[in-house]
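An overview of the molecular structure
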Amino acid sequence: MASEKTVVAVTCTAPVNIAVIKYWGKRDEDLVLPINSSLSVTLHQDQLRTTTTAAISKDFTEDRIWLNGLEEDVGQPRLQACLREIRRLARKRRSAGDEDPVALGLSYKVHIASVNNFPTAAGLASSAAGYACLAYTLARVYGVESDLSEVARRGSGSACRSLYGGFVEWQMGERADGKDSIARQVAPESHWPELRVLILVVSAEKKPMGSTTGMRTSVETSPLLRFRAESVVPARMAEMTRCVQERDFPGFAQLTMKDSNQFHATCLDTFPPISYLSDTSWRIVHLVHRFNAHHRQTQVAYTFDAGPNAVVFALHDTVPEFVAAVRHCFPPESNGDKFLKGLPVPPVPLSDELKAALDVDPTPGGIKYIIATQVGPGPQILEDPRAHLLGPDGLPKPAA
């Protein structure tokens, strides 16, 4: 039994975030510094989360990592950057004279296991949740208490925004060393309780280009992207912050849609052009605008990241009718009962007037399913040892 005591393990969960003012483009590839600030909404971990266990032991002979049960290459540069950064912070803390027994494990190798409770293939922002969770978990293992923006950012830029709940801004910063490129909370998750988020998962069509490559090409070739970063985003950041603070839904919704559209315009302005939206994505855009026009006010908003899935924001009261409109336009193929996941949404009938206003030829099966969720908190520590993904030997527990 003695060997079990030599393994120190910590397990945490972290959330997905969805940018409403988009991050697209780095000014420094190594340090992952953005060309503009961004603002995001943290989604609730009851529906979408990454869980990570990190364990250190003097008995481990090498760093190892398992993602969703499969061992991956621990040598990938972004993972290495995270590990280097957290170990640097731990050494710094230790040289400050903190002889925490945990900090003594600095020379030990680490085993990491991570799982998502949502399909990675669904094209949801898994890298942000994954690297935020990694940074947060490693910080607990190594006794690091400083700001983790830099650690998470080195893995995936948007990951620094998943270190907080509620509404979060990633300040681009000015410094060449990136020390001021950090995430901070604009408002906590309790701030706007009526806000709901619907993720419309579009039938998977392969992503044309990963976001890292896409961003690099845009920075090199798109004059519109420069203009966006320098002349558009600063005012939008201020306006979006105001909309969140004042809970101004129409303002929040319109700016969210405009910023998503401009991000995708910069992708088309990239050379060769990049198109992340599918036909179904465009049908969702038109559905949202017609729904709002019918109600003569902005009740729902869409935003799209580097992929075809739509994230829709609405206030709680609007959700049942909008979900009914989605079912009308995209009749579920066979999974009628599994079409809606997450928070319950009561079924309501669609009025004939709204059906006429939507004016669509239905696209059966265009949307695979909907995940209904809400704004949620930042990373959490799971105290129950049964939650550990690694066993006492430091290897993944067999799937239950």
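Residues numbered from 1 in each chain as written. Predicted model: local features only at pLDDT ≥ 70, side-chain atom pairs only at ≥ 80, totals over all residues. Heavy atoms only, no water.

What follows is about the overall build of the protein chain. A count of helical and extended segments in the protein chain gives 10 helices and 17 strands. Viewed in the frame of its principal axes, the protein chain has a C-alpha envelope of about 70 × 50 × 40 Å. For the protein chain, the residues scored as buried account for 55% of the 400 residues in total. A separation of at least 24 residues holds for 77% of the contacts in the protein chain among residues at least 6 apart in sequence. As presented, the protein chain carries roughly 17400 Å² of accessible surface, and 53% of it is formed by carbon and sulfur atoms. Positive and negative side-chain charges of the protein chain, numbering 43 and 45 respectively, have mean locations separated by a distance of 2 Å. (Helix = DSSP H or I, 4+ residues; strand = E, 2+ residues; numbered from the N terminus. Buried < 20%, exposed > 50% of the residue type's maximum accessible area, 1.4 Å probe, protein only. Contact = heavy atoms within 4.5 Å. Areas by Shrake-Rupley, 256 points an atom, 1.4 Å probe, with all protein chains shown as cover. Lys, Arg positive; Asp, Glu negative; His and termini not counted. Charge placed at Lys NZ, Arg CZ, Asp CG, Glu CD.)

On to the environment of Ala-235, then. For Ala-235, the position within the fold is in helix α6 (residues 223-245). Judged by its relative accessible area of 52%, Ala-235 falls in the exposed class. Between the alpha carbons of Ala-235 and Ser-181 there is a distance of 18 Å; along the sequence they are 54 residues apart.

Note that Asn-116 resides in strand β9 (residues 109-116). A polar contact is formed between the side chain of Asn-116 and the side chain of Thr-50, at a distance of 2.7 Å. Not counting chain neighbours up to four residues away, the residues in contact with Asn-116 comprise Arg-49, Thr-50, Asn-68 and Ser-126. (Polar contact = N/O pair within 3.5 Å; in protein donor to acceptor, adjacent residues only side chain to side chain.)

Moving on, we come to the packing of helix α8 (residues 279-295) against helix α9 (residues 319-329). Direction vectors running N to C along α8 and α9 enclose 130°, while the axes themselves pass 11 Å from each other. Taken together, the axes of α8 and α9 lie oblique to each other. α9 is crossed by α8, and the crossing has right-handed handedness. When α8 is examined against α9, the residues Leu-287, Val-288, Phe-291 and His-295 are found in contact with a partner set consisting of Glu-321, Phe-322, Ala-325, Val-326 and Cys-329. (Axes fitted to C-alpha atoms, helices over the stretch in contact; angles between N-to-C directions. Parallel < 35°, antiparallel > 145°, perpendicular 65-115°, else oblique. Left-handed = near helix turned anticlockwise from the far one by under 90°.)

Turning our attention to α6. Compared with the 33 Å implied by 1.5 Å per residue over 23 residues, the 32 Å span of α6 between its first and last C-alpha is a close match. Along α6, the largest kink reaches about 50° and is centred on Val-232; proline Pro-234 follows within four residues of it. All of the buried residues along α6 are Leu-225, Arg-228, Ala-229, Val-232, Val-233, Arg-236, Met-237, Met-240, Thr-241, Cys-243 and Val-244. Where α6 is buried, its residues touch β2 (17-21), β5 (38-42), β10 (167-170), β11 (183-187), α5 (211-221) and α7 (249-269). For α6, the N-terminal capping position is held by Ser-222, with its side-chain oxygen 3.3 Å away from the main-chain nitrogen of Leu-224. (Expected span 1.5 Å × (residues − 1). Bend = angle between axes of the 7 residues up to and from the residue.)

Here we come to the packing of helix α2 (residues 77-95) against helix α3 (residues 126-142). In contact at an axis separation of 10 Å, α2 and α3 are set at 30° when each is read in the N-to-C sense. In terms of axis orientation, α2 runs roughly parallel to α3. Between α2 and α3 the crossing geometry is right-handed. Residues Arg-78, Leu-79, Cys-82, Leu-83, Ile-86, Arg-87, Ala-90 and Arg-93 of α2 lie in contact with α3, whose contacting residues are Tyr-131, Leu-134, Ala-135, Leu-138, Ala-139 and Tyr-142. Of the residues assigned to the contact of α2 with α3, the class counts are 11 nonpolar, no polar and 3 charged. (Nonpolar A, V, L, I, M, F, W, Y, C, P; charged D, E, K, R; others polar.)

Strand order in this open sheet of 6 strands is β8-β7-β9-β6-β1-β17, and the pairing throughout is mixed. Looking at strand neighbours, the two that pair on one side only are β8 (70-72) and β17 (380-381), the edges of this open sheet. Relative to β9, strand β7 (residues 64-67) runs parallel, the two sharing 4 bridges. The partner of Trp-66 across the bridge, within β9, is Ala-113. The strands touched by α3 within the sheet are β1 (8-15), β6 (49-57), β9 and β17, with β6 carrying the most contacts at an inclination of about 35°. (Pairing = 2+ DSSP bridges.)

We now examine the nonpolar core. Ranked by size, the top nonpolar core spans 66 residues in total, and within it Phe-252 and Phe-313 carry the most contacts. In terms of domain composition, this core takes at least three residues from each of domain 1 (8-188 + 380-387) and domain 2 (195-374). Within the second largest apolar cluster, 32 residues are counted, among which are Val-10, Leu-134, Leu-148 and Val-151. (Core = buried A, V, L, I, M, F, W, Y, C linked by side-chain atoms within 4.5 Å. Domains from an automatic or database assignment.)

All right, on to the packing of aromatic side chains then. The description of two aromatic rings rests on the distance between their centres and on the angle between their planes. Counted under the stated rule, the structure contains 10 aromatic pairs. With a centroid separation of 5.4 Å and 85° between ring planes, the pair formed by Phe-291 and Phe-322 is classed as edge-to-face. Of the two residues, Phe-291 is situated in helix α8 and Phe-322 in helix α9; the sequence distance between them amounts to 31 residues. Taken together through their ring pairs, the aromatic side chains of Phe-167, Trp-192, Phe-249, Phe-252 and Phe-313 make up a single cluster. Its guanidinium or amino end placed over the ring of Tyr-136, Arg-140 lies 4.0 Å from that ring's centre, counting from NZ or CZ. (Phe/Tyr/Trp six-rings, centres within 6.5 Å; stacked < 30°, edge-to-face > 60°. Lys NZ or Arg CZ within 6 Å of the ring centre and 35° of its normal.)

Considered domain by domain, the protein chain is made up of domain 1 (8-188 + 380-387) and domain 2 (195-374). Each of domain 1 and domain 2 has a C-alpha centre, and the two are 27 Å apart. In this assembly, 30 residues from domain 1 lie in contact with 44 residues from domain 2. When domain 1 packs against domain 2, the two sides together hide about 3000 Å² of surface, and 71% of this comes from carbon and sulfur. Counting the surface domain 1 buries against domain 2, the share from its top three residues, Ile-21, Lys-22 and Trp-24, is 28%. Taken together, the links from domain 1 to domain 2 amount to 2 salt bridges. Close ionic contact of Lys-22 with Asp-305 constitutes a salt bridge, the shortest N to O distance being 2.6 Å. Contributions of two or more residues to the side of domain 1 that touches domain 2 are made by β2, β5, β10 and β11. Of the residues in the side of domain 1 that touches domain 2, the class split is 17 nonpolar, 8 polar and 5 charged. (Buried area = accessible area lost by both parts, 1.4 Å probe. Salt bridge = Lys/Arg side-chain N within 4 Å of Asp/Glu carboxyl O.)

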